[in-house]
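# Structure assessment
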Amino acid sequence: VQLQASGGGLVQTGGSLRLSCAASGRTFSSYGMGWFRQAPGKEREFVAAITSSGGRTYYADSVKGRFTISRDNAKNTVYLQMNSLKPEDTAVYYCAAVGRTYYSGSSYYQETVYDYWGQGTQVTVSS
């Protein structure tokens, strides 16, 4: 699976962006998908995840209520709608795919479970 993230950019505080992650291959619908981010000088952190069917979603506390992850299996694409953006959301955002379904949501928070990673897309929120 190859992943291509896009949609990053520069936005003012309170603004919105929608990130997309397009996947190659015919088995996209069998993969859970996650978004992670890495700010300058910080470790990469979990943002959101969605199961292969889209039936379950998970969010970091820092983005809950502001970000929404969704997927369109017909288009092999996962989205991250980001609203009410804050300067602390500034980071490089990465999408990732995991080929196994975990019934413990906490598993999706861990980078190590993901099998494939896309290149990052920069999101900058100005104050």
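Note: the structure precedes this text.
Remember, predicted model here, so these are calculated numbers, not experimental data. (Residues numbered from 1 in each chain as written. Predicted model: local features only at pLDDT ≥ 70, side-chain atom pairs only at ≥ 80, totals over all residues. Heavy atoms only, no water.)

## Regarding the state of the cysteines
Taken as a whole and assessed by the stated rule, the structure comprises one disulfide. Each disulfide pairs two cysteine sulfurs, and for cysteine 21 the partner residue is cysteine 95, the sulfurs being separated by 2.1 Å. Measuring the twist about the S-S bond at about 60°, one finds the cysteine 21-cysteine 95 disulfide to be right-handed. Residue cysteine 21 is located in strand E3 (residues 17-23), and its partner cysteine 95 is located in strand E9 (residues 91-98); the two are separated by 74 residues in the primary sequence. Of the two residues, cysteine 21 and cysteine 95, neither departs from the other in class, the shared state being buried. (Disulfide = S-S within 2.5 Å. Helix = DSSP H or I, 4+ residues; strand = E, 2+ residues; numbered from the N terminus. Buried < 20%, exposed > 50% of the residue type's maximum accessible area, 1.4 Å probe, protein only.)

## Comments concerning the pairing of strand E1 (residues 3-6)
Residues Leu3 and Ala5 point to one face of E1 and are all buried, whereas Gln4 and Ser6, pointing to the other face, are not buried. As paired elements, E1 and E3 share four bridges and run antiparallel to each other. Across the sheet, serine 6 pairs through a bridge with serine 20, a residue of E3. (Pairing = 2+ DSSP bridges.)

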